[in-house]
Amino acid sequence: ASGSRRRLWARLGGMSAESGIGWSPNGRRIAATYLYPTGPGEDDVATATVVLDLAGDEVAHLESVNLVPPNNGGWIDDDRILAHPELDDEWHQAIVDVRRGTRTIAGAISPNPCAKSGPYVLTQAGRTEGDGYFRVVRSGLDGTHPRPFLTVHGRFALDGCFLADP
């Protein structure tokens, strides 16, 4: 490390609640989710995730895709990220191979995927009317085998969740 810095990449856009940066496990790629304008209005925005190599070259540019979670934990391995593509009104979970450019839709999940730990992803199941509790569910990366992870009664909002890999 020389202590010097250089611009790696630049594009018109900014931060949003979905934004984040994550290094691949081998440290040779970086994924960044950012917000960019799609028109002249204040609400004319969308998210994208860019994957860069160490030279600053784009390995992948994924429109309307968010890294899940928006940190190093979004990487499954050196070539694949866990992502949330904004396909339609449904929430889906996808495994994106950034080297090959392929996406595997792993199944519908509940809104707000919030963390990944090893082979599991945590999603917010939300509050059910009349139940009065908020639930976070743990499932496999492909959305299978959902199990309750955390249940909180009363008023509660989960803005983020960080887990240590086992």
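J.: Help me understand the overall build of the chain, please; the structure alone is not making it clear to me.
T.: Secondary structure summary: the chain contains 0 helices and 12 strands in total. Helices (α) and strands (β) of the chain occur, in sequence order from the N terminus, as β-β-β-β-β-β-β-β-β-β-β-β. Out of the 166 residues in the chain, the part that is buried amounts to 39%. Put simply, of all contacts in the chain between residues at least 6 apart along the chain, 33% involve residues at least 24 apart. In the structure as shown, the chain presents an accessible area of about 9800 Å², 50% of it carried by carbon and sulfur atoms.

J.: What is the right way to read the pattern of salt bridges from this model?
T.: It is possible for side chains bearing opposite charge to pair when their charged atoms get close. Throughout the structure, instances matching the rule amount to 5 salt bridges. A salt bridge links arginine 80 to aspartate 77, with the nearest nitrogen and oxygen atoms 2.9 Å apart. We note a salt bridge from arginine 99 to aspartate 79, for which the minimum N-O separation is 3.4 Å. Highlighted residues: arginine 99 in the loop between strand E7 (92–97) and strand E8 (102–108) and aspartate 79 in the loop between strand E5 (65–67) and strand E6 (80–85), separated in sequence by 20 residues.

J.: Can you help me understand the pairing of strand E4 (residues 58–63) in this one?
T.: Each regular strand shows side chains that alternate between the opposite faces of the sheet. Sheet topology places strand E3 (residues 45–53) next to E4; 5 bridges connect them, and they run antiparallel. Counterpart to leucine 52 in the pairing with E4 is glutamate 58. Hairpin geometry of E3 and E4 is characterised by an intervening segment of 4 residues between the two adjacent antiparallel strands and by a positive phi of about 90° at glycine 56.

J.: What is the right way to look at unusual backbone geometry in this model?
T.: Negative phi characterises most residues that are not glycine, and trans characterises most peptide bonds. Phi is positive for serine 64, which is not a glycine, with a value near 55°. By relative accessible area, which is 24% here, serine 64 ends up partly exposed.

J.: Explanation requested: the confidence of the model for the chain in the structure shown.
T.: Per-residue pLDDT for the chain has a mean of 79; in total, 78% of the residues score no lower than 70. Within the chain, no element has a lower average pLDDT than strand E10 (residues 120–127), which sits at 69, and none a higher one than strand E2 (residues 29–37), at 93.

J.: Whenever I open this one, the side chain of threonine 47 confuses me. Can you help?
T.: Assignment of secondary structure puts threonine 47 in strand E3. In this structure the side chain of threonine 47 is engaged in a polar contact, spanning 2.8 Å, whose partner is the side chain of asparagine 66. In contact with threonine 47, other than residues within four places in its own chain, are Ser16, Glu18, Thr33, Tyr34, Leu35, Tyr36, Glu63, Ser64, Val65, Asn66 and Glu86.

J.: Looking at this model, I keep getting lost on the packing of aromatic side chains. Mind explaining?
T.: The relation between two aromatic rings is expressed through the spacing of the ring centres and the mutual angle of the planes. With the rule as written, the count across this model stands at 2 aromatic pairs. A ring pair is formed by tryptophan 9 and tyrosine 34, whose centres lie 5.4 Å apart and whose planes are at 65°; its orientation type is edge-to-face. Taken together, the positions of tryptophan 9 in the segment before strand E1 (20–23) and tyrosine 34 in strand E2 put the pair 25 residues apart, joining distant regions of the chain. In this structure tyrosine 34 comes out as buried when scored by relative accessible area, which is 8%. Here the aromatic residues Trp9, Tyr34 and Tyr36 are joined through ring pairs into a cluster of three or more.

J.: Mind showing me how you'd approach the sheet that holds E2 here?
T.: Consider a sheet: its strands pair through backbone hydrogen bonds, and that pairing is either parallel or antiparallel. The strand order across the open sheet built from 4 strands is E1-E2-E3-E4, with neighbouring strands paired in antiparallel fashion. What marks the edges here is a single partner per strand, and that holds for E1 and E4. The sheet shows a mean angle of 20° between the axes of neighbouring strands, direction not considered.

J.: I'm lost on the side chain of serine 24 in this one. Help?
T.: Secondary-structure assignment places serine 24 in the loop between E1 and E2. A polar atom in the side chain of serine 24 sits 2.8 Å from the side chain of asparagine 26. Apart from residues lying up to four places away in sequence, serine 24 is in contact with Arg29, Trp75 and Asp78.

About the cut-offs
The residue numbering used here restarts from 1 in each chain and proceeds along that chain's sequence as written. Selection of residues for local features in this predicted model requires a pLDDT of at least 70, selection of side-chain atom pairs for listing and counting requires 80 or more, and totals for whole chains, interfaces and linings are taken over all residues. The side-chain values count all of the structure's non-hydrogen atoms but skip hydrogen atoms and water molecules. Helix numbers and strand numbers start at the N terminus; a helix is a DSSP run of H or I with at least 4 residues, a strand a run of E with at least 2. Between buried and exposed lies partly exposed: a residue is buried under 20% and exposed over 50% of the maximum accessible area for its type, with that area taken using a 1.4 Å probe on protein chains only. Two residues qualify as a contact provided that any one of their heavy atoms is within 4.5 Å of a heavy atom in the partner residue. Computed by Shrake-Rupley with a 1.4 Å probe, the accessible areas treat only the displayed protein chains as cover when residues are assessed. By definition, a salt bridge exists where a carboxyl oxygen of Asp or Glu is found within 4 Å of a side-chain nitrogen of Lys or Arg. Two strands pair if DSSP finds at least two bridges between them. On a scale of 0 to 100, pLDDT captures the predictor's confidence in every residue. Between N or O atoms, a polar contact is any pair within 3.5 Å; within protein, one atom must be a potential hydrogen donor and the other a potential acceptor, and residues adjacent in sequence are included only when both atoms are from side chains. Here the aromatic set is Phe, Tyr and Trp, taking the six-membered ring for Trp, and pairing holds for ring centres within 6.5 Å; pairs whose planes are under 30 degrees apart are stacked, those over 60 apart are edge-to-face, and all others are tilted. Lines fitted to the C-alpha atoms define the axes, with helices restricted to the stretch that makes contact. Angles between their N-to-C directions range from 0 to 180 degrees.

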